[in-house]
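Each chain, written out:
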Amino acid sequence: MKNSKFHQLFIQELQDIYWAEKNLVKALPKMKRAATSTGLAEAIGSHLEETKEHVNRLEEVFELLGEKAQAKKCEAMEGLIAEGTSVVEDTESDTMVRDAGVIIASQKIEHYEIASYGSLVALAMKMEHNDAAKLLSKTLEEEKKADELLTQLAESEINEQAAQE
Ligand SMILES: [Fe+2]
């Protein structure tokens, strides 16, 4: 199994999301500072803490598989982070329009992660790496919750206030 092409694909996908998570740890503080509402700043702040844990969990997964934790540049996440930066540049500070933009950028990021972890859980289960699957599922659930919280923030207040600016 370990040398199979399918196993190699699994490892490559792990390396991709590992790069993504490590770069999110660097990018999220900027997104947090850009947020106008405390609700959004807090949501990003707590997801930053979770993201650090996601990095640790991936390192555990590599260890369980007997692989070196190695990051492979994720072009998609690099692009998504760049979009987040440009939405901040293109909107005025202290506005809810900026918050609405930050939420959109953050949800694009979450959806990429949800797709990645969903696939990784499926592969881990198929290969009977059950402990790895458990760790990856835990992160998947946290990504889904973060995404739901962003939807709630947008729908309960931020979009309404942005519409009035
Ligand atoms: Fe994550």
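Because the structure is a prediction, the values reported are computed rather than measured.

Thresholds applied
- Residues numbered from 1 in each chain as written.
- Predicted model: local features only at pLDDT ≥ 70, side-chain atom pairs only at ≥ 80, totals over all residues.
- Heavy atoms only, no water.
- Helix = DSSP H or I, 4+ residues; strand = E, 2+ residues; numbered from the N terminus.
- Rg over C-alpha atoms; globule rule 2.2 N^0.38 Å.
- Buried < 20%, exposed > 50% of the residue type's maximum accessible area, 1.4 Å probe, protein only.
- Contact = heavy atoms within 4.5 Å.
- Areas by Shrake-Rupley, 256 points an atom, 1.4 Å probe, with all protein chains shown as cover.
- Lys, Arg positive; Asp, Glu negative; His and termini not counted.
- Charge placed at Lys NZ, Arg CZ, Asp CG, Glu CD.
- Donors = N, O, S within 2.8 Å, 3.2 Å for Na, K, Ca; no water.
- Expected span 1.5 Å × (residues − 1).
- Bend = angle between axes of the 7 residues up to and from the residue.
- Salt bridge = Lys/Arg side-chain N within 4 Å of Asp/Glu carboxyl O.
- Axes fitted to C-alpha atoms, helices over the stretch in contact; angles between N-to-C directions.
- Parallel < 35°, antiparallel > 145°, perpendicular 65-115°, else oblique.
- Left-handed = near helix turned anticlockwise from the far one by under 90°.
- Nonpolar A, V, L, I, M, F, W, Y, C, P; charged D, E, K, R; others polar.
- Core = buried A, V, L, I, M, F, W, Y, C linked by side-chain atoms within 4.5 Å.
- 1 Å grid on protein atoms, 1.4 Å probe; cavity = no way out; pocket = protein on both sides within 12 Å on 5 of 7 lines; lining within 4 Å.
- Points joined across faces, edges and corners; volume = space filled by probe spheres on them.

(A) Focus on the overall build of the protein. The helix and strand inventory of the protein stands at five helices and zero strands. For the protein, the α and β elements follow one another from N to C terminus as α-α-α-α-α. In summary, the protein has a C-alpha radius of gyration of 17 Å against a globular reference of 15 Å for 165 residues, a match within 12%. The dimensions of the protein, computed from C-alpha atoms along their principal axes, are 60 × 25 × 20 Å. When burial is assessed residue by residue, the protein has 47% of its 165 residues classed as buried. Within the protein, contacts between residues separated by at least 24 positions form 81% of all contacts whose residues are at least 6 apart in sequence. Of the roughly 8,800 Å² that the protein leaves accessible, carbon and sulfur atoms contribute 50%. Positive and negative charge centroids in the protein, built from 19 and 32 side chains respectively, lie 8 Å apart.

(B) Structural view of the coordination of the iron ion. Around the iron ion, the protein contributes the donor atoms E21 (OE), E21 (OE), H54 (ND1), E113 (OE) and E143 (OE), which lie 1.9 to 2.6 Å from the metal centre. Mapping the donors of the iron ion onto the primary sequence gives the spacing E-x32-H-x58-E-x29-E. With E113 in helix α4 (residues 96-126) and E143 in helix α5 (residues 130-164), this pair connects stretches of sequence that are 30 residues apart. A residue is classified by how much of its surface remains accessible, and E143, at 0% relative accessible area, is buried.

(C) Examining helix α1 (residues 5-34) more closely. Between its first and last C-alpha atoms α1 spans 43 Å; for 30 residues at 1.5 Å apiece the expected length is 44 Å, and the two agree. In α1, a bend of some 35 degrees at V25 exceeds every other bend along the element, and P29, a proline, comes one to four places later.

(D) Focus on the pattern of salt bridges. Considering all chains together, one arrives at five salt bridges under this definition. Two residues, R57 and E142, come together in a salt bridge whose shortest N-O distance is 3.2 Å. Of this pair, R57 sits in helix α2 (residues 38-64) while E142 sits in helix α5; the two residues are 85 residues apart in sequence, bridging distant segments of the chain. By relative accessible area, which is 7% here, R57 ends up buried.

(E) Summary view of the packing of α2 against α5. Direction vectors running N to C along α2 and α5 enclose 165 degrees, while the axes themselves pass 10 Å from each other. Between α2 and α5, the angle is such that the two are roughly antiparallel. Along this stretch, α2 crosses α5, giving a crossing that reads as left-handed. Residues that form the contact of α2 with α5 fall into these classes: 13 nonpolar, four polar and seven charged.

(F) The nonpolar core, seen in detail. The biggest cluster of nonpolar side chains holds 52 residues, and the ones touching the most others in it are F10, L14, L40, M77 and L136. Secondary structure elements with two or more residues in this core: α1, α2, α3 (75-89), α4 and α5. When residues no more than four places from it in sequence are discounted, the contact partners of F10 are L65, L120, L123, A124, M127, H129 and L136.

(G) Layout of the layout of surface pockets. Its boundaries defined by the atoms lining it, the largest pocket holds a volume of some 230 Å³. Residue lining of the largest pocket: 17 residues in total, with A43, H47, E110, A146 and L150 positioned closest to the centre. Of all the secondary structure elements, the ones that give two or more residues to the lining of the largest pocket are α1, α2, α4 and α5. Within the lining of the largest pocket, the residues separate by chemical class into nine nonpolar, three polar and five charged.

No statement about biological role is implied by the geometric values presented.
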